[in-house]
Amino acid sequence: MRFNQPERLTSILTKTSCLSKIQDRTNALRTLDKAINDLLPSPLNQQCKVANYRNGVLILEVSSASWLTRLKYEQSNLISSIRTSILPSLSSIQYQINPNISVKLAECNFQKSKSSLTSSVITPASAKLLYALAENAPEKLKKQLIKLANHAK
């Protein structure tokens, strides 16, 4: 490494370079993953992703052993669907368990719920109702209702 010379960015990104081959392979696996997720039933497609494809063998990662069992029930339908629509050269499917898939899915769902919570706004009509409710409420509750109603935009 220490005797390597700096290279131009254009020479790294040419069609014959190693980086472009890696990028092409990544794009092919990404499109294969999307196509296979479209073939799988709804709860199962979120728990499964394509890890690799080589020598006619498709390697799928599954989030847990229970989802793997469910996927194996779908295996014969999945193989025939993949052979007819995507990969005619598919010979078999291998499975690996990767618990990080469910962790990433949980993080994604948490981020979605967090963003939806921060975007909620109290409407002026709701604020008027809160002010009206605060008029007849005990003092401690009255302060909290008014404070909540002041968040209206």
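On a predicted model such as this, the values are computed, not experimentally measured, just so you know.

(A) Layout of the pattern of salt bridges. As enumerated under the stated definition, the model contains 2 salt bridges in all. Here Asp38 and Lys34 are joined by a salt bridge, their closest N and O atoms 3.5 Å apart. Here Asp38 pairs with Lys34, and both are found in helix α2 (residues 18-39), just 4 residues apart, close to one helical turn. Of the residues examined, Asp38 reaches a relative accessible area of 56% and is grouped as exposed.

(B) Just the pairing of strand β1 (residues 48-54), in detail. Direction of pairing for β1 relative to strand β2 (residues 57-62): antiparallel, over a ladder of 6 bridges. Residue pairing in the sheet places Val50 in a bridge with Leu60 of β2.

(C) Summary view of unusual backbone geometry. Despite not being glycine, Asn55 has its phi angle at roughly 55°, a positive value. Tracing the sequence through the fold places Asn55 in the loop between β1 and β2. Given the relative accessible area of 77%, Asn55 is considered exposed.

(D) Spatial organisation of the environment of Asn52. By the element assignment, Asn52 lies in strand β1. Asn52 sits 20 residues away from Leu32 along the chain, and the two C-alpha atoms are 9.5 Å apart. Dropping the residues within four chain positions of it, Asn52 is found in contact with Arg25, Leu29, Val57, Leu58 and Ile59. Of the polar contacts made by the side chain of Asn52, one reaches the side chain of Arg25; its length is 2.6 Å.

(E) The arrangement of helix α5 (residues 75-85) in detail. Of the residues making up α5, those classed as buried are Leu78, Ile79 and Ile82. Taken around the axis of α5, the buried residues stretch over an arc of 100°, which confines them to a single face. Among the exposed residues of α5, those pointing more than 90 degrees away from its buried face are Ser76 and Thr84. For α5, the elements touching its buried residues are α2, β2, α4 (65-73) and β3 (92-97).

(F) Inspection of the sheet that holds β2 at higher detail. In spatial order, the strands read β1-β2-β3; together these 3 strands make up an open sheet with mixed pairing. Both edges of this open sheet fall to β1 and β3, since each of them pairs with a single strand only. Across the sheet, the axes of successive neighbouring strands diverge by a mean angle of 25°, strand direction being ignored. Both β2 and β3 contribute to a ladder of 6 bridges, which runs parallel. Its bridge partner being in β3, Val57 is matched across the sheet by Ser92. Helix-sheet contacts for α2 involve β1 and β2, and the interaxial angle to β1 is about 130°. The strands touched by α5 are β2 and β3; relative to β3, the strand with the most contacts, the crossing angle is about 125°.

Thresholds applied
Residues numbered from 1 in each chain as written. Predicted model: local features only at pLDDT ≥ 70, side-chain atom pairs only at ≥ 80, totals over all residues. Heavy atoms only, no water. Salt bridge = Lys/Arg side-chain N within 4 Å of Asp/Glu carboxyl O. Helix = DSSP H or I, 4+ residues; strand = E, 2+ residues; numbered from the N terminus. Buried < 20%, exposed > 50% of the residue type's maximum accessible area, 1.4 Å probe, protein only. Pairing = 2+ DSSP bridges. Contact = heavy atoms within 4.5 Å. Polar contact = N/O pair within 3.5 Å; in protein donor to acceptor, adjacent residues only side chain to side chain. Arc of directions from axis to C-beta. Axes fitted to C-alpha atoms, helices over the stretch in contact; angles between N-to-C directions.

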